[in-house]
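Residues per chain are reported as follows:
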Amino acid sequence: MSDDKNACLVAVDDGYAQMKLYGRAPDGSIIKARIRSSVRAGRSGIGSVSGEGMLGLYDTEVGPFTVSEDIESENTQFDGFHTSAMNRALVNHAIRTAGDGVFAGQDVRLTTGLPVSDFFTSSGFKNDEKITQKTENLMKPIQMISSGVPANIVSVDVGCQAVAAWYDYALDDNLEVRNDIDGEIAIIDIGGRTTDIAIVIDGKSVDHQRSRSTNTGVLNVYNDVSKGLNSKFGLSDDLKLKLIDEAVRTGKIKLWNEIHDVSEIVDNAIKVHQDKIAREVERRINNGATMSAIVFVGGGSALFSKIAGEFRNGVIVEDPEFSNARGLYKFALGKSQA
């Protein structure tokens with residue numbers, strides 16, 4: 001971490017589906033924000049109605065990116081996403097726009113994460129190569145083409161997403177222990193592209209043999225819902241991520257200026273992928289009888305709201321979408337106070 005104690009401490013959980021931010025503003029208040037990972041390469045022509053210019057347009061060494069919930073997003077589900085210029089544009093946009101722009105132009109100490117399978121090697125050591133790649137990527141400069149001023153990222157710290165969620169489960173906002181953390185605790189982090197399974201033992205070690213990432217998450221539901229909507233309504237246009245997200249969250253969609261109930265399509269897609277995730281968790285930990293808790297976190301835990309009930313000692317944390325970001329923040333705060 002940087003020695004610049006005056007910089008704002010900000011944690012970003014930079015997922016394939018959403019960017020979640022948890023940080024401390026210059027006035028000391030806690031800022032929590034979420035944006036969809038809706039981004040396209042190039043200038044996508046989203047401008048202010050007031051004539052103040054383009055919105056959410058960032059320039060990088062590989063060209064510009066437009067970040068906006070009002071565009072048709074590119075697919076973020078590719079292996080190099082976490083070390084890409086696209087990711088950097090999304091992270092910077094999340095920081096710049098959080099809390100009505102309180103971090104714009106401010107020095108920021110950024111802490112972020114990698115999935116279990118990227119943060120650790122197969123032999124259980126930290127994957128220094130990927131951690132360095134992510135750190136260097138986020139430290140590269142980014143320029144605003146549209147109006148606005150980005151934050152000045154003065155340092156980057158990278159942790160493990162699922163282990164960060166363990167910090168959030170184990171520690172309260174004052175970094176005091178708030179839950180029983182003795183023995184084995186399974187952290188099931190259901191994200192956009194992946195579900196991370198991390199087995200933490202006594203808060204001191206990770207069981208790498210049973211910890212892994214699997215390529216099932218919220219975006220699988222979104223893809224199935226999109227296909228179901230296209231089939232049901234005979235649509236030829238690709239629906240924007242914003243519309244699909246609203247359909248998944250509410251079970252309704254507005255088409256041709258009419259509200260349509262699509263809850264059956266949504267419920268079927270959720271059930272299919274919830275069952276897949278539950279089976280994968282069971283392959284790793286069986287029924288979890290010897291564990292202190294099976295803790296479900298991440299945006300998918302809010303979507304798959306019944307999955308904890310599949311396990312006798314399953315629990316979904318409060319506000320699971322922000323568990324990784326809060327945990328990363330607590331981890332970084334603890335390091336800065338040490």
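Thresholds applied
- Note that residues are indexed from 1 along each chain, following the sequence as it is written.
- For this predicted model, a pLDDT threshold of at least 70 governs which residues receive local features, and a threshold of 80 or more governs which side-chain atom pairs are given and counted, while totals over whole chains, interfaces and linings are taken from all residues.
- Calculated side-chain values reflect all of the structure's heavy atoms, with hydrogen atoms and water omitted.
- Helix and strand definitions follow DSSP, with helices as H or I runs of at least four residues and strands as E runs of at least two, each counted in order from the N terminus.
- Restricting the calculation to C-alpha atoms gives the radius of gyration, and the globule rule supplies 2.2 Å times the number of residues raised to the power 0.38.
- The Shrake-Rupley method, run with a 1.4 Å probe, gives the accessible areas here. Residue values count only the displayed protein chains as cover.
- His is not counted here, nor are the chain ends, while Lys and Arg score as positive and Asp and Glu score as negative.
- Throughout, a charge is located at the NZ atom of Lys, the CZ atom of Arg, the CG atom of Asp or the CD atom of Glu.
- Think of it in three bands: residues with accessible area under 20% of the maximum for their type are buried, residues over 50% are exposed, and the middle band is partly exposed, with areas taken using a 1.4 Å probe on protein chains only.
- Any two strands with at least two DSSP bridges between them are considered paired.
- In this scheme, a helix's expected span is set at 1.5 Å multiplied by one less than its residue total.

J.: Whenever I open this one, the overall build of the protein confuses me. Can you help?
T.: When helices and strands are tallied, the protein shows 9 helices and 17 strands. Here the protein has a C-alpha radius of gyration of 20 Å; the compact-globule value for 338 residues is 20 Å, and the two agree. Overall, the protein is about 60 × 55 × 35 Å in size when its C-alpha atoms are taken along their principal axes. Of the roughly 15300 Å² of accessible surface on the protein, 44% is carried by carbon and sulfur atoms. With 37 positive and 47 negative side-chain charges, the protein shows a spacing of 2 Å between the two charge centroids.

J.: Would you explain the pairing of strand β2 (residues 18–24) in this entry?
T.: A regular strand places its side chains so that they alternate between the two faces of the sheet. Most of β2 sits out of view: 6 of its 7 residues are buried. Strand direction decides the pairing type here: strand β1 (residues 8–14) and β2, joined by 5 bridges, are antiparallel. Bridged to Asp14 within β2 is Met19.

J.: When you look at the sheet that holds strand β6 (residues 63–67) in this model, what are you seeing that I'm missing?
T.: The strand order β4-β6-β5-β8 describes an open sheet built from 4 strands, whose pairing is antiparallel. Looking at the sheet topology across the chains shown, the edges are occupied by β4 (39–41) and β8 (143–144). Relative to β8, strand β5 (residues 57–60) is paired through 2 bridges, and the arrangement is antiparallel. Within the sheet, the bridge partner assigned to Asp59 lies in β8 and is Gln143.

J.: What exactly am I supposed to notice about the pairing of strand β14 (residues 252–255) here?
T.: Burial along β14 is one-sided: Ile253 and Leu255 are buried, and none of Lys252 and Lys254, which face the opposite way, are. As defined by bridge partners, β14 adjoins strand β15 (residues 258–261) across 4 bridges and the pair is classed as antiparallel. Note that in β15 the partner of Leu255 across the bridge is Glu258. Counting the residues between successive antiparallel strands, the hairpin from β14 to β15 contains 2 residues, one of them, Trp256, with a positive phi of roughly 50 degrees.

J.: Before we go on, may I ask you to explain helix α7 (residues 263–285) in this structure?
T.: Because an α-helix completes one turn every 3.6 residues, residues spaced three or four positions apart along the sequence face the same direction. When the terminal C-alpha atoms of α7 are compared, their 32 Å separation across 23 residues agrees well with the 33 Å that a helix rising 1.5 Å per residue should span. Turning to α7, its buried residues are Ile265, Val266, Ala269, Ile270, His273, Gln274, Ile277, Ala278, Glu280, Val281 and Ile285. A positive phi of about 60 degrees marks Asn286, the residue just after α7.

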